[in-house]
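Breakdown of the fold
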Amino acid sequence: MAGRVILLLLLIIILSVGGIIWFDFLNVIDAKTVLAPIYNYIPFLGDGRTQPKIADDEDINLNDERLAIRLEALALQSMELEIRQRDMDNELNLITQMNQELEAWEQRLHEQELYIRIQGEDAENKDRNVDQLARYLTGMPPQNAVGILANYEDQIAIDVIRKTEDIARAEGAQSIVAFWFSLMEPARAAELQRKMAGRPPSL
């Protein structure tokens, strides 16, 4: 009976020491100082401490640990803010580029509208000038009017002849154009009539 008791006690001691060594190996507890003599006989466990050493008069400062954690968190937050700032800068550059392109497009549109308006004004001025010229020629002797028309370019002469016909129709009067053609040189009259037949009114 005594032998069994001694054997059980030895088994309990061995299990206890083994558990302490195992927990110390897992850094759950720190028992290397107490178990240093045993570590000298167990090579694979090593002979030094695996946990950071501190001086005998040095206490673990929890405030320093908290400060280190906060500094790390601040560093991560700073990195995240830098990434967000870079993304915002890229978006701002994209928006600026799109705004510049939009302004350039609006400028081109404005120039086109201005060109169209000027062209319209020129057309109105040309129509007024042709109207005045047609009335002026209609009021003079036909032979003189034909002589003036003979010196005009074909398109101007055609515009005046057509405007003269339009005025006559609007006023319900007889057009003098046919008489003008009869007074012109046959080749000139035929050329103008051919172009008038093949070309739509310009005004």
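Quick caveat: nothing in here was measured; it's all calculated off a predicted structure. (Residues numbered from 1 in each chain as written. Predicted model: local features only at pLDDT ≥ 70, side-chain atom pairs only at ≥ 80, totals over all residues. Heavy atoms only, no water.)

1. Details of the side chain of lysine 195
So the rule is basically this: Starting at the N terminus, helices and strands are each numbered in turn, a helix being any DSSP run of H or I of at least four residues and a strand any DSSP run of E of at least two. Residue contacts are counted whenever heavy atoms from the two residues lie within 4.5 Å of one another.
Its place among the elements puts lysine 195 in helix α7 (residues 186–198). In this structure, lysine 195 is in contact with Asp154 and Ile158, ignoring residues within four places of it in sequence.

2. Some thoughts on the nonpolar core
What tends to happen in soluble globular proteins is that the nonpolar side chains get buried as a cluster. Rules: What is meant by a nonpolar core is a set of buried Ala, Val, Leu, Ile, Met, Phe, Trp, Tyr and Cys residues, joined one to another through side-chain atoms within 4.5 Å. Type-normalised accessible area, obtained with a 1.4 Å probe on protein chains alone, sets the label of each residue: buried when under 20%, exposed when over 50%, and partly exposed for intermediate values.
Leu137, Leu149, Ile161, Trp180, Phe181, Met184 and Leu192 are the most contacted members of the largest nonpolar core, which totals 19 residues. Those elements giving two or more residues to this core turn out to be α3 (62–139), α4 (142–150), α5 (154–171), α6 (177–183) and α7. Top contributing element to this core by residue count: α5, with 5 residues. Sequence-distant contacts of isoleucine 161, defined by excluding residues within four places in its chain, comprise Leu149, Val177, Phe181, Met184, Leu192 and Met196.

3. Here's the deal with a nonpolar patch on the surface
Filter applied, for reference: Without a salt bridge and with relative accessible area above 30%, a residue can belong to a patch; like charges are then joined within 9 Å and nonpolar side chains (Val, Leu, Ile, Met, Phe, Trp, Tyr) within 5 Å. The method behind every accessible area is Shrake-Rupley, applied with a 1.4 Å probe, and residues are considered shielded solely by the protein chains displayed. One speaks of a salt bridge when a side-chain nitrogen belonging to Lys or Arg is within 4 Å of a carboxyl oxygen belonging to Asp or Glu.
Among the surface-exposed residues, Ile6, Leu10, Ile13 and Ile14 lie close enough to one another that they form a single nonpolar patch of about 400 Å² accessible area. With respect to the helices and strands, isoleucine 6 occurs in helix α1 (residues 2–25).

4. Re α5
For the record, the criterion: Take the residue count of a helix, subtract one, and multiply by 1.5 Å to get its expected span.
Its 18 residues give α5 an end-to-end C-alpha distance of 26 Å, which sits within 8% of 26 Å, the value for a rise of 1.5 Å per residue. Of all the residues in α5, the buried ones are Asp154, Ala157, Ile158, Asp159, Val160, Ile161, Arg162, Lys163, Thr164, Ile167 and Ala168. Directly beyond the C-terminal end of α5, a positive phi value near 70° is found at glycine 172.

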